[in-house]
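# Coordinate inspection notes
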Amino acid sequence: RQEGEDDGYRTSDYFSTLERRRTTARRKVKKIAKQQRREGAEEAAETSTSTATTGEEPLPVDVECRTKMISWCYQVVDHCHMSRETVSIAASYLDRYLLAPSGLEALLDRRTFQLSAMTSLYVALKLFEDVNVEPGVMVGLSRGAYVEEEFVEMELDILMALRWKVHPPTAVGFMGHFLNLFPARTSRREGRRRHSHSLHRHRIQDEDEDEDENLLAELYDCAKYQAELSVLDPSFLGATQSAIALASLLNAIETILPQECHRRRGPPCHGDDARDRTTDLLRADLTLRIMPFLRGIESVAGGTTMRSPEVFRAKERLSVLS
């Protein structure tokens, strides 16, 4: 539900506020340095100001850095045959951490950012995958760029920044709930069922159920692919996961429904007119169930509707990405 998303799990575009946060941090460092000078701690003041005023500053993070690290996370879970939804969870950890005051250092230093991204995946794997992941595994994945202590310290820093809110909603999770609302077929074969032999009637029912299962599987796979693309794209920072899920499903329906009608109409029967009538009947049957399905989603999505600007923007962007 939308309320769950707002309960400490929302993100926003931290790249747009990065320069302001960096300027604020520099002012704080200078203020501390002045205070130390007044207290006579000249050596401490010089140490505090040296990193802010002299030498080369580390490179700040940009959107490409985030995309590369999320892609790397997908590669890891794919190689280990784990759930791609775990990457969505890790991305939630990372994005919310970078919004926190303690995450500013990671935004200003690419080495720290890479550590925070890897640690976010490390935490998600420990919580949501049936594997025993030790810090040493992450050291190996980093090819020795970090030591175990750095992962342990970063893990605690991230968990504290997140206030231990480690079960974020995901678009894929919403999709699973939404698809459970898909109505059973009110089939045009209902009359045939009533007047058919019992065995034949069950065979028709089984065929309908199999077709529905195949349809739902196709919708899920198509929508899931788009939801995974949204994790990579920083333009979705701040978007609700329920809106992304609904937008992905709408795009999937627009893609799969015409294909499904074409597939189900079967071989030619008494010419093209009969095939066209069959296609129209199939489209009508699916459409009659799609609309209640979408209205059912809106009734449980906590204010997320097909016509909301957020869903429209997400739908358009996902269409471009896919």
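Look above for the structure.
All values reported here derive from a predicted model rather than from experimental measurement. (Residues numbered from 1 in each chain as written. Predicted model: local features only at pLDDT ≥ 70, side-chain atom pairs only at ≥ 80, totals over all residues. Heavy atoms only, no water.)

### Some remarks on the layout of surface pockets
In this approach the atoms are scanned with a rolling probe the size of a water molecule, which exposes any empty space left behind. As a reminder of what qualifies: Definitions used throughout: a 1 Å grid over protein atoms alone; a cavity as a set of points that fits a 1.4 Å probe which cannot get out; a pocket as an open set with protein on both sides within 12 Å along at least five of seven lines; a lining residue as one with an atom within 4 Å of a point. Grid points are joined across faces, edges and corners, and a volume is the space filled by probe spheres set on the points. Secondary structure elements are defined from DSSP: runs of H or I of at least 4 residues count as helices, runs of E of at least 2 residues count as strands, and each element is numbered from the N terminus. Amino acids outside the nonpolar list (Ala, Val, Leu, Ile, Met, Phe, Trp, Tyr, Cys, Pro) and the charged list (Asp, Glu, Lys, Arg) are all regarded as polar, and Gly is one of them.
One number sums up the size of the second largest pocket: a volume of about 190 Å³. In terms of lining residues, the second largest pocket is bounded by 14 residues, among which Val76, Cys80, Leu125, Val137 and Leu141 are the most central. Secondary-structure elements contributing two or more residues to the lining of the second largest pocket are helix H4 (63–79) and helix H8 (135–141). No other element matches the 4 residues that H8 contributes to the lining of the second largest pocket. A breakdown of the residues in the lining of the second largest pocket according to their chemical character gives 10 nonpolar, 3 polar and 1 charged.

### Focus on the nonpolar core
The condition is simple: To form a nonpolar core, buried Ala, Val, Leu, Ile, Met, Phe, Trp, Tyr and Cys residues must be joined to one another through side-chain atoms within 4.5 Å. Only protein chains enter the area calculation, which uses a 1.4 Å probe; residues under 20% of their type maximum are buried, those over 50% are exposed, and those in between are partly exposed. Contacts were defined at the residue level, with two residues in contact if any of their heavy atoms lie within 4.5 Å.
Counting 46 residues, the largest nonpolar core has Leu98 and Leu121 as the members making the most contacts within it. Broken down by secondary-structure element, the contributors of at least two residues to this core are H4, helix H5 (85–99), helix H6 (104–108), helix H7 (110–128), H8 and helix H9 (148–161). With 9 residues, H7 is the largest single contributor of residues to this core. Once you skip the residues sitting within four places of it in the chain, Leu121 turns out to touch Trp72, Cys73, Val76, Val77 and Ala90. One finds Leu219, Ala223, Leu246 and Leu318 within the second-largest nonpolar core, a separate group that totals 32 residues.

### Observations regarding empty space enclosed by the protein
According to the stated counting rule, one finds 1 cavity of 30 Å³ or more in the structure shown. The space that makes up the largest cavity amounts to roughly 300 Å³. For the largest cavity, the lining is made up of 23 residues, of which Thr11, Ser92, Asp95, Ala239 and Gln241 are closest to its centre. No other element matches H5, which puts 4 residues into the lining of the largest cavity.

### Examining the packing of H4 against H5
Condition: Lines fitted to C-alpha atoms define the axes here, with helix axes fitted over just the stretch in contact, and angles between the N-to-C directions of these axes take values from 0 to 180 degrees. Each crossing is labelled by how the near helix is turned from the far one, with a counterclockwise turn of less than a right angle marking it left-handed and a clockwise turn marking it right-handed.
At a closest axis distance of 10 Å, the pairing of H4 and H5 adopts a crossing angle of 145°. Along this stretch, H4 crosses H5, giving a crossing that reads as right-handed. In this structure, H4 contributes Arg66, Ile70, Cys73, Tyr74 and Val77 to the contact, and H5 contributes Val87, Ser88, Ala91 and Asp95. A breakdown of the residues in the contact of H4 with H5 according to their chemical character gives 6 nonpolar, 1 polar and 2 charged.

### Description of the side chain of Ser116
Rules: Think of a polar contact as two N or O atoms within 3.5 Å of one another; within protein, one of them needs to be a possible hydrogen donor and the other a possible acceptor, and neighboring residues in sequence only count if both atoms come from side chains.
Mapping Ser116 onto the fold places it in helix H7. By relative accessible area, Ser116 is classed as buried at 0%. A distance of 2.7 Å separates a polar atom in the side chain of Ser116 from the backbone oxygen of Phe113. Apart from the residues lying within four places of it in its own chain, the contact partners of Ser116 are Leu94, Tyr97, Leu98, Ala106, Met154 and Ile158.

### With respect to the pattern of salt bridges
If the charged atoms of two oppositely charged side chains come close together, the side chains can form a pair. Our working definition: Salt bridge, as used here: a side-chain nitrogen of Lys or Arg that lies within 4 Å of a carboxyl oxygen of Asp or Glu.
What the rule picks out here adds up to 10 salt bridges. Asp62 is the partner of Arg110 in a salt bridge, and the nearest nitrogen-oxygen pair spans 3.3 Å. Within this pair, whereas Arg110 is found in helix H7, its partner Asp62 is found in the loop between helix H3 (42–53) and H4, the two being separated by 48 residues in sequence. With relative accessibility at 29%, the residue Asp62 sits in the partly exposed group. The closest approach of N and O atoms between Asp78 and Arg84, which form a salt bridge, is 2.7 Å.

### With respect to H9
Rules: In this scheme, a helix's expected span is set at 1.5 Å multiplied by one less than its residue total. What the arc covers is the set of directions going from the helix axis to the C-beta atoms.
Over its 14 residues, H9 runs 20 Å from end to end, which matches the ideal 20 Å to within 8%, given 1.5 Å per residue. Listing the buried residues of H9 in full gives Phe151, Met154, Glu155, Ile158 and Leu159. All buried residues of H9 fall inside an arc of 130° around its axis, so they share one side. Turned more than 90 degrees off the buried face of H9, the exposed positions are Glu149, Glu153 and Met160. Packed against the buried residues of H9 are H5, H7 and H8.

### Remarks on the packing of aromatic side chains
How we decide: Only Phe, Tyr and Trp rings take part, Trp by its six-membered ring, and two of them pair if their centres are within 6.5 Å. Stacked means planes under 30 degrees apart, edge-to-face means over 60, and tilted covers everything else. In this analysis the charged atom, NZ for Lys or CZ for Arg, is taken to sit over a ring once it is within 6 Å of the ring centre and within 35 degrees of the ring normal.
Inspection of the entire model under this criterion finds 4 aromatic pairs. Ring plane angle 45° and centroid distance 4.7 Å describe the contact between Tyr14 and Phe15, whose orientation is recorded as tilted. Take Tyr14: its relative accessible area is 0%, and that puts it in the buried class. Between the aromatic rings of Phe174 and Phe178, the centroid separation amounts to 5.8 Å while the plane-to-plane angle is 40°, which identifies the pairing as tilted. Placement of the pair is Phe174 and Phe178 together in helix H10 (residues 171–179), with a separation of 4 residues, close to one helical turn. Arg84 extends its terminal NZ or CZ atom over the ring of Tyr74, reaching a point 4.4 Å from the ring centre.

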